[in-house]
Amino acid sequence: MKHFITAAVCGFGSRGKDAYASYQHLAPDKLKLVAIADPDPEKRDAAVSEYGVAPANCYQNGEELLQQPRLADVLIIATQDRDHIRYALPALEKGYHLLLEKPISPSLEECLELRKKAHECGRIVIVCHVLRYAQFYQTIHELLQKNILGPLHTLEATENIAYWHYAHSYVRGNWRRSEDSSPLILAKSCHDMDIIRWLVGSPCVSLSSYGGLSWFKPENAPDPEAKRCLSGCRCKEECPYDCEKIYLFNKKSGYYDNNTGWPCNVLTNHPTRETLYEALRNGPYGRCVYQCDNNVADHQTVNMLFENGVSASFVLSAFTEGCYRTVRITGSFGELEGNLEENTIHVRIFGKPEQLISLDPISDRFAGHGGGDARMMEYLCNLLLSEDQDALTSIDASVESHVMAMAAEYSRLHGGESVSLTDFTAENMAQQNI
């Protein structure tokens, strides 16, 4: 019996390196990184110096890595959304198990193709729906499995992105254009579609959705002449989206609050005052948020009906101070409310005293999805080492959330049209250019 698993990483960035490969530092007895692929030579050097990867096993891209004989037990794919499948399919044929960053793909046809290939090759594909692994959601799921609320009726969930996070990732950053990455509801919130489906415990049969890009557009620019924050913008002092505020002074994201990790390390591999200012003067993260080429929604609401009769609503918003999720569930005999940022769950059984469940404190400033990142890596290692448990976020389970997200985007683009998920197909999406 093996005592640790070996991993290769394709895409050694914020997720591949900082969220997943870093588990080696927490559990060196369980995970050993042996190969990486990334076009950035500094990241390849970091794999050698920080993780002990042999220089000969550091490749410039996934194609080079996959030309080699199988190098590891599992391949972690954390590239951009539209590159996942072109690495995942040949990796399965090589004999790799996969840890696949979400979303699987913005193409439903590709999602279904990967599911088929995984079964044909007999390989495990774990999709990084990390919320299922967070103590917060696992506790709620366990409570619902005990039927403490009785038959369920409604679920309300919110994702508060935080104004600075949205500006970083979805206005200035890599996920700003749906045709280059994915629609926001898929790129950011297939997590939430998955967790709602998991908690309700029944397939979604129909949904409708409204929303759009309402604010981050040229017509809302307070200084139409300013293309960059550091190029003489007359409204810089009053603008909360000013790049200097977000990357230097913000207590959550700024360098002066001892933050040299995400998001600062997206601008430069080694954040310092000097390297950040250089990036803000010349790179995409210094652009005025009203003068970018973004097109993904900045708010969206989804209403869902599930096969067991439960109705659910989900609200996604860029316009929040904090970056956190909440959930409220009602049943015949009680209700439950939870706040992921506070890591607390309130249970109110009708006619009985309220129960407050305070979970373990989360020390990291961004919480790694409520601690789910590390717990998922632990689960993956245990799964591959013991092979006596089921994959919690298998490709089969995860495809459902993608269908929900894609159907929601279709509905949003068609004026809130009600969509039957049993009739929603890859051909339907292709015809509408989703």
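Here is a short report on the structure shown in this document.

The rules behind each value
Residues numbered from 1 in each chain as written. Predicted model: local features only at pLDDT ≥ 70, side-chain atom pairs only at ≥ 80, totals over all residues. Heavy atoms only, no water. Buried < 20%, exposed > 50% of the residue type's maximum accessible area, 1.4 Å probe, protein only. Helix = DSSP H or I, 4+ residues; strand = E, 2+ residues; numbered from the N terminus. Pairing = 2+ DSSP bridges. Right-handed = clockwise from strand over helix to strand, strands pointing away. Contact = heavy atoms within 4.5 Å. Axes fitted to C-alpha atoms, helices over the stretch in contact; angles between N-to-C directions. Core = buried A, V, L, I, M, F, W, Y, C linked by side-chain atoms within 4.5 Å. Left-handed = near helix turned anticlockwise from the far one by under 90°. Nonpolar A, V, L, I, M, F, W, Y, C, P; charged D, E, K, R; others polar. Parallel < 35°, antiparallel > 145°, perpendicular 65-115°, else oblique.

### Some details on the pairing of strand E2 (residues 31-37)
Along a regular strand, successive side chains alternate from one face of the sheet to the other.
1) Next: A large share of E2 lies buried, amounting to 6 of its 7 residues.
2) Next: Pairing analysis gives 6 bridges linking strand E1 (residues 5-10) to E2, with the strands arranged parallel. Along E2, the bridge assignment pairs alanine 8 with alanine 35.
3) Next: With 2 bridges joining them, E2 and strand E3 (residues 58-59) adopt parallel strand pairing. Paired with alanine 37 across the bridge in E3 is tyrosine 59.
4) Next: Handedness of the β-α-β unit built from E2, helix H3 (residues 41-51) and E3 comes out right-handed.

### Section: the environment of glutamate 417
1) Next: Along the chain, glutamate 417 turns up in the loop between helix H15 (395-413) and strand E15 (419-420).
2) Next: Residue class for glutamate 417 comes out partly exposed when judged on its relative accessible area of 35%.
3) Next: Expressed as a C-alpha distance, the spacing of glutamate 417 and lysine 17, which sit 400 residues apart in the sequence, is 40 Å.
4) Next: When residues no more than four places from it in sequence are discounted, the contact partners of glutamate 417 are Leu207, Ser208, Tyr410 and Ser411.

### Quick look at the sheet that holds E15
1) Next: Across the sheet, 9 strands lie side by side as E14-E13-E12-E11-E7-E10-E9-E8-E15; this open sheet has mixed pairing. Sheet topology places strand E14 (355-358) and E15 at the edges, where each strand pairs with a single neighbour.
2) Next: When strand E8 (residues 204-212) meets strand E9 (residues 299-306), the two strands line up antiparallel, connected through 8 bridges. Residue pairing across strands places cysteine 204 opposite phenylalanine 306, the latter belonging to E9.
3) Next: In the packing of helix H7 (residues 135-145) onto the sheet, contacts are made with strand E7 (152-160), strand E11 (324-331), strand E12 (334-339), strand E13 (344-349) and E14, and the angle to E13 comes to roughly 15°.
4) Next: Sitting on the sheet, H15 touches E8, E9 and E15, and the angle it makes with E8 is about 50°.

### Brief notes about the nonpolar core
As a rule of thumb, soluble globular proteins bury nonpolar side chains together.
1) Next: Core analysis: the largest hydrophobic core is formed by 139 residues, its most contacted members being Leu75, Leu99, Ile196, Leu207, Met304 and Ile329.
2) Next: If one sorts the elements of this core by residue count, H15 sits on top with 9 residues.
3) Next: Filtering out sequence-adjacent residues up to four positions away, isoleucine 196 remains in contact with Leu155, Ala157, Met304, Phe306, Ala312 and Phe314.

### Focus on the sheet that holds strand E5 (residues 97-100)
1) Next: Strands sit in the order E3-E2-E1-E4-E5-E6 across an open sheet of 6 strands; the sheet is parallel. Strand pairing shows two members of the sheet lacking a second neighbour, E3 and strand E6 (125-127), which therefore form its edges.
2) Next: Against the sheet, helix H14 (residues 372-386) makes contact with E1, E2, strand E4 (74-77), E5 and E6, and its axis sits at roughly 170° relative to E5, the strand it touches most.

### Notes on the side chain of lysine 30
1) Next: Tracing the backbone through its elements, the reader meets lysine 30 in the loop between helix H2 (23-26) and E2.
2) Next: Setting aside its immediate chain neighbours within four residues, lysine 30 contacts His3, Phe4, Ile5, Tyr23, Glu378, Cys381 and Asn382.

### Concerning the pairing of E4
1) Next: Taking every second residue as pointing to the same face, both faces of E4 are buried, with Val74 and Ile76 on one and Leu75 and Ile77 on the other.
2) Next: In this sheet, E4 lies alongside E1 in parallel orientation, the contact comprising 4 bridges. Across the sheet, alanine 8 pairs through a bridge with leucine 75, a residue of E4.
3) Next: As defined by bridge partners, E4 adjoins E5 across 4 bridges and the pair is classed as parallel. Paired with isoleucine 77 across the strands is leucine 100, a residue of E5.
4) Next: Traced from E4 through helix H5 (residues 84-94) to E5, the parallel crossover comes out right-handed.

### Looking at the packing of helix H10 (residues 190-200) against H15
1) Next: Taken N-terminus to C-terminus, the directions of H10 and H15 make an angle of 115°; their axes are 8 Å apart at the nearest point. Crossing hand, H10 versus H15: right-handed. Residues Cys190, Met193, Asp194 and Arg197 of H10 lie in contact with H15, whose contacting residues are Ala397, Glu400, Ser401, His402, Met404 and Ala405.
2) Next: Residues of the contact of H10 with H15, tallied by class, amount to 5 nonpolar, 2 polar and 3 charged.

### Some thoughts on the packing of helix H1 (residues 14-21) against H14
1) Next: Their axes nearest at 9 Å, the elements H1 and H14 cross at an angle of 75°. Considering the angle they form, H1 stands roughly perpendicular to H14. Contact residues: Arg15, Ala19 and Tyr20 in H1; Asp373, Met376 and Met377 in H14.
2) Next: Counted by class, the contact of H1 with H14 contains 4 nonpolar, no polar and 2 charged residues.

Don't take any of this as a statement about function, it's just geometry.
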